[in-house]
Amino acid sequence: MTGGLISIFIVAVFIENFVLNQILGICPFIGVSNKLDSAVGMGFAVTFVMVMAGVVTWGIQTFILVPLGLEYLQTISFILVIASLVQFVEMVVRKTAPALYQALGVFLPLITTNCAVLGAALLNIKKGYGLVEAAVNSLGAGIGFFFALILMAGIRERLDTAEVPSAMKGAPITFVTAGLLATAFMGFSGLV
Amino acid sequence: MLTQILTAVLVLGCLGFIFGAILSFAAKKFEVHVDPKIEETLELLPGANCGGCGYPGCAGLAEAIVKHGEAVTACPVISAINRAKIEDLLGLNEKPEGEKKPVVKAALVKCNGLDTEEYQKFEYNGVKDCQAAVLLQSGPWKCPHRCMGFGSCEAACPFDAIKIGDHHLPIVDEDKCVACGKCVLACPKQLIEMVDKEQMVHVKCNSTEKGADTRKACKVGCIACGLCKRVCAYDAITIEDNLARIDYEKCVQCGACVAKCPQHTIIMEDKPEFKGRVAVIDKEACIGCTICYKVCKFEAVKGGTPKEKHEITPEKCVGCGMCAEKCPKKCIEMIEK
C-alpha cells in the first residue's frame, strides 16, 4: 500500500510532471517564473489548492455524480468546485493568517482557472484512485508544478543577466528554455 | 429523458447554490475589516508609488499615516491641497498658531554654462546619455562641472517637470516639480539640488576648480572672488572649495549679490535683467531716528545726528534692504534699478 502511494507520488512529480510532461498550467509557468520569490509563492499556492481540490472533487464524483449517473457533468462541476474552493480558501487565509495571505494572496485568484488544478482532479478520477491515492497524486502534481516553476525561475533569473540575441529576448528564449527543460524531464520516463 | 435532464440541472443547480451559500456565509464570517480612512488616504496620495517616503508604495504610507501617525509630509511629492485634505480627513490640522509654513521644494540645476565651441573640449557623437558621455574624458565640455546636457534628468523625471532647453541646459518647471529627487540621483555631475521654491537667488555654478581655471573654461562660472560674500548684509554667503554657497535659511533675497557678481553666476530667478535694488527714503515721512544709519553696513546712509532727515548715497547702497526692514516709520522703499 505505502509502496504504491510512493510510486504514485514519484510518477506525479517526475515522470508525469504536469508542466513539463503533460503541458498543463503553462500560463502561470511562463507568467510567474520571472522571479524566484513569486515562483515560490505561486508554487505553494498551487500545491495547496490542488490537494484541497483533489480531495473535494473526489468526494463530489464518488458521492454525487456516480450514484446519480451524471459522470458527464464532471468538468463543469469540478470547475465550480475549484472556483468556489479557491475563493473560500482565500477568505479563510486572509482572516486567519494575514502573513500567509500576503505571501499567497495575489496568486490565489490566478489559480481559479488554472488548468493544472482541473487536470489533476480529472486525472484522479480517470485513473480510478481512492481518496488517499487521489490526495497523494494531487500533492505529487502540485510538488511537480512547484519544482518545474522554481527550476524555470532560477534559469530565467540567470537569463536576465546573460547575453541573449535581441531577437530571442523575452518570450522566445523562455519557450526554448521550457522546451529544453521538458526534454530533460523525458529522461525520467521508465524510472518506476 | 426528461428526468435525466432534470437531475442534471437540479444537481448542478444545487451544487452551485450550496457553494454560493457557503461563500456568502464565509464572506460574513471571515470578513476582514479595513479602515475606510486608509483607502481614502490612499486615493489622495499621488499614487506614483515612487518610494520617496521610504514606505513600500503609496499603500504602505497610507497605512502608516492612518495607523501609526506618520506625518503626511513624509510624502515629498504630495500637493498642498491633497495634504490639507488628508489632514482634514484625519483631524490633524489643529496646529498651534504661528507654526512655520512648510517648505515646498523644487529642483535647482546649478549650472548656467554656455555651449559655444570655445567651451567645448571636443565634439561628442556618442550615445545621447549623460551617464555614457561622462565616461569619455568626463564629458565634452572644458569645464569638468558643466551640465552634460543630454537629459538623463529629463529621462528620470516621472512628472515631466525637467526638460533640456536651449544651450544644453535643463529647465525645471516648478509647477510640475514635486521634489521627488529622481533627477538628483540621475545627474552624473551632481548638479541638481532640491531648494525651497520661494527662493529666487541662486548660485548657478558647481565648479570647485580654482578661479583662474574656471574662468578659462566658462564665462559664467563662480571664480570665488568673494564679492558676494562681502556685499551680503545677512552673512548668508560662504565661499567653500572655490565656490560661493547661499545659506537659504539666512538669505532674504535682496539681490545685492546678484547685482555685484562680476561673472553673473548668481542670478535672480525669472529676472534675467535684474541689476539690484536701491533704497529710497521718503523725505516727508522720515523723522531722523538714525536707525537706518546704524544698521547700514555699507555707510550708504547720510546723517548721523538725530532729527536730521536721512539720505541714501546710491553709489554705496547695495540694496540689501536692511534699513527698509528696520525703519520704524516704514518710509524706506526698495526699488529696482
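Residues numbered from 1 in each chain as written. Chains lettered and ligands numbered in written order. Predicted model: local features only at pLDDT ≥ 70, side-chain atom pairs only at ≥ 80, totals over all residues. Heavy atoms only, no water.

**Some details on the overall build of chain A**
Then step 1. Regarding its fold elements, chain A presents 9 helices and 0 strands.
Then step 2. For chain A, the N- to C-terminal ordering of α and β elements is α-α-α-α-α-α-α-α-α.
Then step 3. Expressed as a percentage of its 192 residues, the buried residues of chain A come to 45%.
Then step 4. Surface exposure of chain A reaches about 9,300 Å², of which carbon and sulfur atoms provide 70%. (Helix = DSSP H or I, 4+ residues; strand = E, 2+ residues; numbered from the N terminus. Buried < 20%, exposed > 50% of the residue type's maximum accessible area, 1.4 Å probe, protein only. Areas by Shrake-Rupley, 256 points an atom, 1.4 Å probe, with all protein chains shown as cover.)

**Notes on the overall build of chain B**
Then step 1. Looking only at helices and strands, one finds 12 helices and 12 strands in chain B.
Then step 2. Out of the 337 residues belonging to chain B, those deemed buried represent 41%.
Then step 3. Expressed as a percentage of contacts within chain B between residues at least 6 apart in sequence, the contacts between residues at least 24 apart total 56%.
Then step 4. In the structure as shown, chain B presents an accessible area of about 19,300 Å², 55% of it carried by carbon and sulfur atoms. (Contact = heavy atoms within 4.5 Å.)

**Overview of the packing of helix α3 (residues 36–65) of chain A against helix α8 (residues 131–161) of chain A**
In helix packing, the relevant descriptors are the interaxial angle and the interaxial distance, both defined with respect to the helix axes.
Residue and element names in this part refer to chain A.
Then step 1. Between α3 and α8, the least distance of the axes is 8 Å, while the angle of their chain directions is 165°. Here α3 lies roughly antiparallel to α8, going by the angle between them. Crossing handedness for the pair α3 and α8: right-handed.
Then step 2. For the contact of α3 with α8, the residue count by class is 21 nonpolar, 6 polar and 1 charged. (Axes fitted to C-alpha atoms, helices over the stretch in contact; angles between N-to-C directions. Parallel < 35°, antiparallel > 145°, perpendicular 65-115°, else oblique. Left-handed = near helix turned anticlockwise from the far one by under 90°. Nonpolar A, V, L, I, M, F, W, Y, C, P; charged D, E, K, R; others polar.)

**Observations regarding unusual backbone geometry**
All names here are of chain B.
Then step 1. Positioned with a positive phi, Asp241 is a non-glycine residue whose angle comes to about 45°.
Then step 2. In this fold, Asp241 is placed in the loop between β6 (237–240) and β7 (243–246).
Then step 3. The class of Asp241 is exposed, set by a relative accessible area of 54%.
Then step 4. If you check the backbone angles, Gln253 has positive phi at about 60° while not being a glycine.
Then step 5. Take Gln253: it is sitting in the loop between β7 and α10 (256–260).
Then step 6. The class for Gln253 is partly exposed, based on a relative accessible area of 21%.

**Description of the nonpolar core**
Then step 1. Formed by 54 residues in total, the largest nonpolar core has its most connected members in Phe18(A), Leu20(A), Phe29(A), Met42(A), Met50(A), Ile111(A) and Val117(A).
Then step 2. Of all elements in the fold, only α1 (2–15), α3, α4 (74–96), α6 (108–111), α7 (115–126), α8 and α9 (171–186) of chain A together with α1 (2–29) of chain B reach the threshold of two or more residues within this core.
Then step 3. In terms of residues, this core owes the most to one element, α3(A), which gives 10 residues.
Then step 4. In contact with Ile111(A), not counting residues within four places along its chain, are Met42(A), Ala45(A), Val46(A), Val49(A) and Val117(A).
Then step 5. Membership of the second largest hydrophobic core comes to 42 residues, among which are Ile246(B), Phe274(B), Cys317(B) and Met322(B). (Core = buried A, V, L, I, M, F, W, Y, C linked by side-chain atoms within 4.5 Å.)

**Here we look at the packing of aromatic side chains**
Then step 1. All chains considered together, the criterion is met by 8 aromatic pairs over all chains.
Then step 2. With 6.3 Å between their ring centres and 85° between their planes, Phe88(A) and Phe30(B) make a pair best called edge-to-face. Here Phe88(A), found in helix α4, pairs with Phe30(B), found in the loop between α1 and α2 (36–44), and the two come from separate chains.
Then step 3. A ring pair is formed by Phe147(A) and Phe185(A), whose centres lie 6.2 Å apart and whose planes are at 65°; its orientation type is edge-to-face. Pair noted here: Phe147(A) is in helix α8 and Phe185(A) is in helix α9, with a separation of 38 residues, a long-range link.
Then step 4. Residue classification places Phe147(A) among the partly exposed residues on the basis of a relative accessible area of 35%.
Then step 5. Members of the aromatic cluster, joined through ring pairs, are Phe14(A), Phe147(A), Phe185(A) and Phe188(A).
Then step 6. For Arg146(B), the ring lying beneath its charged end belongs to Trp141(B), and the centroid distance is 4.3 Å. (Phe/Tyr/Trp six-rings, centres within 6.5 Å; stacked < 30°, edge-to-face > 60°. Lys NZ or Arg CZ within 6 Å of the ring centre and 35° of its normal.)

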